[in-house]
Amino acid sequence: MGGWRNWYQELVNSKPLFLTIYTTVIVGIVFSSFYVFSAVYSPSSASANWFSSPPSISHSPVAASSYINVAPNFSPTLKVSAIPPPLPQSSSKQVKPIWEVPQTKRLPSLKSFQLTKELVEQRVQDNIIIMTFGNYAFMDFILNWVQRLTDLGLSNILVGALDTKLVKALYWKGVPVFDMGSHMSTMDVGWGSPTFHKMGREKAILIDSVLPFGFELLMCDTDMVWLKNPLPYFARYPDADILTSSDQVVPTVVDDRLDIWQQVGAAYNVGIFHWRPTESAKKFAKEWKEMILADDKIWDQNGFNELIRRQLGPSVSEDSELVYAYDGNLKLGVLPASIFCSGHTYFVQAMYKQLRLEPYAVHTTFQYAGTEGKRHRLREAMVFYDPPEYYDTPGGFLSFKPFVPKSLLLDGKHDLESHFALVNYQMQQIRTALAIASVLNRTLVMPPLWCRLDRLWFPHPGVLEGTMTRQPFLCPLDHVFEVNVMLQQLPEDEYGPGIGFREYSFMDNPSVPKQVKESRLEVQLCDDTLIDCQASSNTSSPGILRFPRHSSEETFKTVFSSFKDVKVINFSSMKNAFLNFTDKTREERFRRRVKRYVGIWCCVDSHTPGHIYYDMYWDEKPDWKPIPPQTPGDDHLPW
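Because the structure is a prediction, the values reported are computed rather than measured.

Rules behind the numbers
- Residues numbered from 1 in each chain as written.
- Predicted model: local features only at pLDDT ≥ 70, side-chain atom pairs only at ≥ 80, totals over all residues.
- Heavy atoms only, no water.
- Helix = DSSP H or I, 4+ residues; strand = E, 2+ residues; numbered from the N terminus.
- Buried < 20%, exposed > 50% of the residue type's maximum accessible area, 1.4 Å probe, protein only.
- Contact = heavy atoms within 4.5 Å.
- Areas by Shrake-Rupley, 256 points an atom, 1.4 Å probe, with all protein chains shown as cover.
- Pairing = 2+ DSSP bridges.
- Axes fitted to C-alpha atoms, helices over the stretch in contact; angles between N-to-C directions.
- Parallel < 35°, antiparallel > 145°, perpendicular 65-115°, else oblique.
- Left-handed = near helix turned anticlockwise from the far one by under 90°.
- Nonpolar A, V, L, I, M, F, W, Y, C, P; charged D, E, K, R; others polar.
- Core = buried A, V, L, I, M, F, W, Y, C linked by side-chain atoms within 4.5 Å.

Undergrad: How should I be thinking about the overall build of the protein in this particular structure?
TA: Within the protein one finds 19 helices and 24 strands. Here the protein holds 639 residues, and 52% of them are scored as buried. Considering only intrachain contacts with a sequence separation of at least 6, the fraction spanning at least 24 residues in the protein is 70%. Summed over all atoms, the accessible surface of the protein reaches about 29,100 Å², with 55% contributed by carbon and sulfur.

Undergrad: Looking at this structure, I do not really get the sheet that holds strand S20 (residues 520-526). What am I missing?
TA: Hydrogen bonding along the main chain pairs the strands of a sheet, whether they run parallel or antiparallel. Reading across from one edge, S19-S16-S15-S22-S20-S21 is the order of the 6 strands in this open sheet, with parallel pairing throughout. Two strands in the sheet have a free side with no partner beyond their single neighbour: strand S19 (501-502) and strand S21 (544-548). For strand S15 (residues 397-400) and strand S22 (residues 568-571), the ladder comprises 4 bridges, and the chain directions are parallel. Opposite Ser399, over in S22, you have Asn570 as the bridge partner. In this fold helix H14 (residues 416-440) packs onto S15, strand S16 (443-445) and S22, with an angle of close to 155 degrees to the strand it touches most, S15. Along the sheet face, helix H18 (residues 553-560) touches S20, S21 and S22 and points at about 160 degrees away from the line of S21.

Undergrad: Could you clarify how one ought to interpret the sheet that holds strand S5 (residues 177-179) in this entry?
TA: In spatial order, the strands read S5-S4-S3-S6-S9-S8-S12-S11-S10; together these 9 strands make up an open sheet with mixed pairing. Each edge of the open sheet carries a strand with a single partner, namely S5 and strand S10 (312-315). Taking each pair of neighbouring strands and ignoring which way they run, the sheet shows an average axis angle of 35 degrees. Taken together, the 5 bridges between strand S8 (residues 242-246) and strand S9 (residues 268-275) define a ladder with antiparallel strand orientation. Counted as the bridge partner of Ser246 is Tyr268 from S9. Helix H4 (residues 139-151) rests against strand S3 (128-134), strand S4 (157-161) and strand S6 (216-220) of the sheet, and its axis sits at about 175 degrees to S4. Set on the sheet, helix H8 (residues 279-294) makes contact with S8, S9 and strand S12 (330-334); between it and S9 the angle comes to about 145 degrees.

Undergrad: It is not clear to me how the packing of H14 against H18 should be interpreted in this structure. Could you clarify?
TA: Two numbers describe a pair of packed helices, the interaxial angle and the distance between the axes. Where H14 contacts H18, the two axes come as close as 10 Å, and the packing angle between them is 55 degrees. Overall, the two elements H14 and H18 adopt an arrangement that is oblique. Here H14 and H18 pass one another in a crossing that is right-handed. Of the residues in H18, those touching H14 at Ile436, Val439 and Leu440 are Glu553, Phe556, Lys557 and Phe560. Taken together, the residues that form the contact of H14 with H18 break down as 5 nonpolar, no polar and 2 charged.

Undergrad: Help me out: how do you make sense of the environment of Ile430 in this one?
TA: Tracing the backbone through its elements, the reader meets Ile430 in helix H14. In this view, Ile430 contacts Phe400, Leu444, Met446, Pro447, Leu449 and Phe481; residues no more than four positions away in its chain are not counted.

Undergrad: Before we go on, may I ask you to explain the nonpolar core in this structure?
TA: General note: in soluble globular proteins, nonpolar side chains tend to be found buried as a group. Counting 56 residues, the largest nonpolar core has Phe481, Phe560 and Phe571 as the members making the most contacts within it. Broken down by secondary-structure element, the contributors of at least two residues to this core are S15, H14, helix H15 (483-486), S20, S21, H18, S22 and helix H19 (584-595). Among the elements that line this core, the one with the most residues is H14, at 12 residues. Not counting the four nearest positions on each side in its chain, Phe571 is found in contact with Leu398, Ser399, Phe400, Lys401, Ile436, Val523, Leu525, Phe556 and Phe560. Counting residues in each nonpolar core, the second largest holds 43 residues, with Leu211, Trp275, Ala281 and Val334 among its members.

Undergrad: Explanation requested: unusual backbone geometry in the structure shown.
TA: Negative phi is the rule for most residues except glycine; trans is the rule for most peptide bonds. Residue Pro314 is bonded to the preceding Gly313 through a cis peptide linkage, with omega at 5 degrees. You can see Pro314 is positioned in strand S10. One non-glycine residue, Trp99, lies in the positive phi region at around 80 degrees. Topologically, Trp99 is positioned in the loop between strand S2 (78-80) and helix H3 (117-123). Accessibility expressed as a relative area gives 28% for Trp99, which makes it partly exposed. Even without a glycine there, the phi angle at Asn576 is positive, about 60 degrees.

Undergrad: What is the right way to read the packing of H14 against H19 from this model?
TA: Where H14 meets H19, the axes come as close as 11 Å, and the angle between the chain directions of the two elements is 130 degrees. Looking at the two axes, H14 sits oblique to H19. As for how H14 packs across H19, the hand of that crossing is right-handed. Facing H14, whose interface residues are Arg431, Leu434, Ala435, Ser438 and Val439, H19 presents Arg586, Phe590 and Val594. In the contact of H14 with H19, the residues fall into 5 nonpolar, 1 polar and 2 charged.

Take a look at the structure:
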């Protein structure tokens, strides 16, 4: 479409003979008339527009090339019949806009949701389609993925559904969806599980099915977010067959060029990659699909890397950023990890900030708390859309101003002792805040968390050599806390009531309503020996309450019962704010709960196991030290 616009603009800006002008106008009128006539009277026009109006049984889209469920032996089958030529680009304007809810109460036949070239053509713009896929468990990630793209002005989007529950849910929300026919579980499958690997095979099958349609394909995982329109960037490399992201954590460039392929030692990551429908790309996609279908033990990403690195080099030309790969003909580019970010380059290194670059995307890799950890990281970055009730929860919120001495942050060497001293000091304040939040039945806004050492799955010296990780750095919550455990519905008779929490950036999020931000009580802790420091609900000035340190559960309940309608109660400090629970049974349940909230640091070198457990009650153990388990019998959670 861009090429036609450029041709037309050049024509307008030139000074042709009048005869040429008249001829051009006449041809344009004839062409436009023919297009309007064919669009109105074409028998396929009704079936090509099922997003605009619900298809009847007689007019549901007929698959010219359908994505069929994989058989038990994982041999994909494609029904192929004559494929009509692509519709004019402007046909995408005829379909219903994304997020426009269907006006019918009747769901179209599931057959109408099959992936066909005709269906893709409706969404394509500039010959590009952007896709992701998942099951119902990732519904909120998928909606977030779509929302971020539509916020960027992109609508050439299609979502593949691995279960019919997701097909229906997305359809009723106005999201373009197709049925991948997989009939997969609607539950979270978990990283590395057999079902997880099956999802990877579905990705390869999908790519192999779409490329023959003749469109460029931007394929994404659902656990990533677009921050900037990437299509102009991809257009800078028109000769690339595949542009892939990677797990590279050491920068190879300091601007927005492609990463230097000779210096990329990490795996190429198949969570974000752009494909052109070239013969080389189609050949690769077919072999990749056949490879992982032939052996269900091969992870799709490992298979991709093994195959594409079969031959790697030379560069396409002396000054090219692309490299010949796979069979020596496929032209590959590696997207810069600084702006097509992994969970490490974005959340830990903040590489794009240090290099003064604008990031295009963030993929929630390099994290430690499953799906819940991914969601929380996106929330910390304020790039995850939650429903309104998330930002105005019953009971209100509790926050506090954390205090960290400069000596714990900056003095001495960055080693295990200084790292754990820093984290433990913060953990003590968070433990107190959790107790007060539990007593007042409020949702705790977590504070920012500082770390001196990175966390990984393998031995390392504290931070990875060559990375841009600063020490200290603001670390994601899942580096220390088990976010997935904190969100579990633990039985109250054993662990006490659940404690809601929010990300540290919560109050800065523009989605938090004005009435929440403005309904605020500032609590200034004071010494109860002072005359003006009494356990009373009387505020010293509007919106400010002086409150004694070392207060008990009963004191908290009595005083703050007068402020139930206040949305946010913010404490000036948590140091010595809470004395104890009045009910010892409740205290034991609370302790049992929060002990499970913290995880491990990993990993020291030359020792097996190399991890060290965080301990929520480290301060009650005078001989506590940050050392890994010394024997297999010591390798257990600290309770």
